Amino acid sequence: MTDTSERTDQLEGQTLAEIGADESIELAEQAQRRQSLWAIRWILFRRSLRHNWALFWENRIGRFGLGIIAFFAVLAVMPTIFFATGYWNPAIYDPVTGLEPNPPVQRFTVVNEITDPATQIDFTRVLLDNRIPNDVLPGDVVEIPLQPAPPDSRHWLGTDPLGRDVMSQLMHGARAAFFLGMLAAVVTVVIATIVGSVSAYFGGAIDAFFMRLADLLIMIPALAVLIVIGAIFEFQLWHLAVVIGILSGFGGTAIVLKSQALAVKVKPYIDAARVAGGSNTHIIVSHVIPNVMPLSFLYMMFTVTGAIQSEATLSFLGLLNVRTSWGLMLQLANNQGYLLQGLQYWWLLFPAGVAVTLLAMAFFLVGRAMDEVVNPRLRKR
Amino acid sequence: MTRYVARRLVQMAFLFLVFLTATWFLLYALPGDIVAQKYATNPNIPPEARRLAMERLGLDKPMLVQFRDYMVNFFTLDFGYSFNQYPRPVVDIIKERLPRTIVLFLTAVITYYWAGFAAGKYLAWRRGKRGEMAITVGGVALYTVFYPWFALIMLWLFASQLKLLPLGKFLDPDKWRNAPYPANDVFLRMFWLTLITSVVVFGIHLLARRIKDRTPRRLVAWAGTVAAVVAFLGYWWVGREGAVMRPYAADIAYHLILPVLTLTLVNFAGIMLLTRTSMLETMREDFILTARAKGLPEHMVRDRHAARTALLPVTTSLVLAVATVIDGGIITETVFSWPGMGEVLVSSVTLGDIPLAIASFSFIGVMALVGHFLVDLLYGILDPRIRVTAHG
């Protein structure tokens with residue numbers, strides 16, 4: 001999102017400054033007298049975390065995003081509590097196999113010619129409808145279960161066309177979204193950090209190979225690839241997470257992290273480590289990667305946004321083999337023609353769509369706010 | 001510079017080869033060949049006929065022979081026949097669909113870059129004031145909105161409720177029943193004329209910048225733009241063919257509005273946020289302080305000094321936009337039933353129409369590659385600080 005090649009030297013200066021160089025060195029010395037090296041590292045880490053947290057907390061937009069994430073995290077945990085306490089009966093509230101046994105009913109008079117569609121029903125259609133005993137005659141009153149049913153006290157967000165609870169599906173969808181987003185982000189960041197550090201550190205042929213690979217992956221429209229792969233393989237949620245992680249980890253994120261690692265590579269302490277006899281692996285693991293980490297975490301957030309949206313889109317197109325997800329809820333509503341009916345079936349139209357949008361937005365906003373922490377050029381002071 | 005371009009071209013050719021090979025093997029693995037799907041379940045077709053069909057299409061050969069044949073044919077520009085619309089050549093389908101995608105694509109990119117840049121400028125300038133949070137959150141919400149869902153809502157709102165715009169599709173078949181021209185002729189005419197007019201307007205502005213004095217410079221720029229637009233409109237109102245085509249062209253343009261509007265709304269916030277970041281970095285530079293100290297009016301400092309420098313990173317983001325817009329285009333075309341490359345890609349992959357799928361995939365790849373290359377060149381031209389060298 002930002003021009004990373006320029007941000008780099010600030011970043012280094014800033015990590016030191018943020019720890020509060022003088023103070024923390026003093027503190028570290030104190031600690032050294034009585035504590036081990038790891039304890040000192042822990043103190044320094046806590047200090048920098050507290051300072052960065054304070055910077056992050058100043059940002060209203062970041063707080064807003066974090067609030068939304070917390071809200072969805074609570075949503076994702078709730079079904080476990082509800083099922084465990086017996087508040088929800090799995091036979092009714094299961095997101096896939098649940099069924100409301102006593103849905104609200106609507107009364108219709110059977111007629112040959114409909115004059116009032118709200119209270120009358122066509123006789124020929126009644127004969128075809130398997131929900132109604134087929135010994136009715138024109139003039140009888142039949143009761144038809146109303147599915148999808150609007151929200152009531154038992155189903156806070158109503159039920160879907162198959163009689164399943166929308167709230168339960170929404171909560172389970174949140175769980176799926178978190179799982180997918182986190183897994184994709186971790187895969188991306190692990191790959192991108194290693195690829196970026198290694199290709200910056202060694203340069204030459206390794207660098208050329210990984211950067212051309214990244215070019216290739218940026219060039220390919222990811223959704224098109226996912227559609228093709230989705231059409232060929234039975235795609236499950238974690239497959240998708242890994243594929244997204246690989247595409248983005250070897251792609252754009254690797255380039256960004258490489259430019260960061262390049263700036264770290266020319267620092268004096270890298271030379272010092274080399275003179276002191278540190279091996280390449282040692283230098284990369286304990287000097288380059290830790291200094292690339294802040295940026296890695298930032299890109300984790302953006303990956304989560306992308307992953308959640310890809311999942312929703314693929315489920316919406318029916319190319320994903322998942323149990324429940326927000327995209328799947330919308331696919332069902334769309335396939336059965338409820339989406340273009342607009343506000344009449346708002347509980348099918350809005351919860352899932354708004355949830356995808358909000359959670360993706362929240363991770364994006366947190367990423368933006370973290371950007372202002374990591375990149376001092378964007379700060380107000 | 002020449003060396004750089006040559007190097008890039010070689011790299012691009014190599015990348016494309018890798019891309020094409022990967023695509024071919026990926027699609028070769030597609031389960032259930034189309035011939036089996038079409039004929040095997042049909043009891044009226046004897047196995048003999050099915051075998052002959054496989055033989056005629058060359059599907060009975062070993063995998064590597066098929067691959068070699070495909071590569072040879074591909075580079076002699078023979079893309080084969082579509083399985084699903086047999087015997088229509090693939091190239092015929094792509095020739096029809098590609099301009100439609102490019103038009104949708106270009107119109108959307110131009111609109112949203114312009115809107116995003118303008119919004120980002122204001123946002124950076126108003127930093128910390130009221131409204132910043134609302135605009136940012138609103139923009140990000142649009143940027144990260146669940147796109148197919150949003151497109152359906154737009155469709156429902158504008159087409160179904162307000163009845164202002166058509167319900168998707170490329171044209172209204174009722175109006176075209178007695179049309180004297182095929183839709184593609186009209187569409188291509190629109191495409192080229194708009195392109196020529198834009199190039200002429202751009203050229204006039206470029207020429208006008210050479211004029212030293214302010215008043216004649218503005219006069220030339222404005223007069224030139226007005227003249228070009230009048231010539232463009234004149235063709236459609238007065239021109240012999242133009243006047244006949246006009247209602248049909250208007251119908252296509254009318255169908256273009258909603259997809260472009262949706263793409264713009266979804267994408268502009270990305271550019272807006274990027275411009276804001278870039279502006280904030282620029283505003284810390286000394287020359288902004290100097291410009292203020294000279295007593296220049298705020299809008300001048302903003303538009304002339306800060307915004308122009310801030311434009312550079314925004315231009316680079318076009319690289320990433322190429323892939324994003326193609327992805328967005330696939331969904332847009334599916335939801336709005338716009339018959340372009342994205343729609344072809346999805347339908348050919350799901351129907352197992354392998355020749356069409358590979359060809360459309362590779363055309364999308366070429367579009368992305370060429371776009372990437374052009375933006376890199378453009379960036380080098382715009383920013384003299386970046387030296388395009390052989391190791392670049």
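Quick look at the structure, then. (Residues numbered from 1 in each chain as written. Chains lettered and ligands numbered in written order. Predicted model: local features only at pLDDT ≥ 70, side-chain atom pairs only at ≥ 80, totals over all residues.)

When you go through chain A residue by residue, the secondary structure sums to 15 helices and 3 strands. Residues counted as buried form 43% of the 381 residues belonging to chain A. (Helix = DSSP H or I, 4+ residues; strand = E, 2+ residues; numbered from the N terminus. Buried ≥ 20, exposed ≤ 12 C-beta atoms within 10 Å, placed from the backbone.)

Our next topic: helix H8 (residues 204-219) of chain A. Here H8(A) contains 16 residues, and its C-alpha end-to-end distance of 22 Å stays within 8% of the 22 Å for a straight helix at 1.5 Å per residue. Taken together, the buried positions of H8(A) are occupied by A:Phe210, A:Ala214, A:Leu216, A:Leu217, A:Ile218 and A:Met219. (Expected span 1.5 Å × (residues − 1).)

Right, let's talk about the packing of helix H9 (residues 222-232) of chain A against helix H13 (residues 341-351) of chain B for a bit. Where H9(A) meets H13(B), the closest approach of the two axes is 9 Å, and the angle between their N-to-C directions is 15 degrees. In terms of axis orientation, H9(A) runs roughly parallel to H13(B). Relative to H13(B), the crossing made by H9(A) is right-handed. Mapping the contact onto sequence places A:Ala224, A:Ile227, A:Val228 and A:Ala231 in H9(A) and B:Leu345, B:Val346, B:Val349 and B:Thr350 in H13(B). Along the lines of polarity and charge, the residues of the contact of H9(A) with H13(B) split into 7 nonpolar, 1 polar and no charged. (Axes fitted to C-alpha atoms, helices over the stretch in contact; angles between N-to-C directions. Parallel < 35°, antiparallel > 145°, perpendicular 65-115°, else oblique. Left-handed = near helix turned anticlockwise from the far one by under 90°. Contact = placed C-beta atoms within 7 Å. Nonpolar A, V, L, I, M, F, W, Y, C, P; charged D, E, K, R; others polar.)

Moving on: the interface of chain A and chain B. The interface of chain A with chain B comprises 41 residues on the first partner and 47 residues on the second. Elements that contribute at least two residues to the side of chain A that touches chain B include exactly helix H4 (60-85), H8, H9, helix H13 (280-316), helix H14 (326-335) and helix H15 (346-374) of chain A.

Turning our attention to the pairing of strand E1 (residues 105-111) of chain A. Residue and element names in this part refer to chain A. Where E1 meets strand E3 (residues 141-145), 5 bridges bridge the pair, whose relative direction is antiparallel. Its bridge partner lying in E3, valine 105 is registered against proline 145. The sheet contact formed by E1 and strand E2 (residues 120-122) spans 3 bridges and is parallel. Counted as the bridge partner of threonine 109 is glutamine 120 from E2. (Pairing = 2+ DSSP bridges.)

What follows concerns the environment of A:Val110. All names here are of chain A. Relative to the assigned elements, valine 110 resides in strand E1. Residues valine 110 and aspartate 165, spaced 55 residues apart in sequence, show a C-alpha to C-alpha distance of 30 Å. For valine 110, the residues in contact, after removing those within four places along its chain, are Ile121, Phe123, Val126, Val136, Pro138, Gly139, Asp140 and Val142.

A few words now on the sheet that holds E3(A). All names here are of chain A. Pairing is mixed across the open sheet formed by 3 strands, whose spatial order is E2-E1-E3. Looking at which strands have only one partner, the edges of the open sheet turn out to be E2 and E3. Going from strand to strand, the sheet's axes swing by 50 degrees on average, the running direction of each strand aside.

Function-wise, these values are silent; they only describe arrangement.
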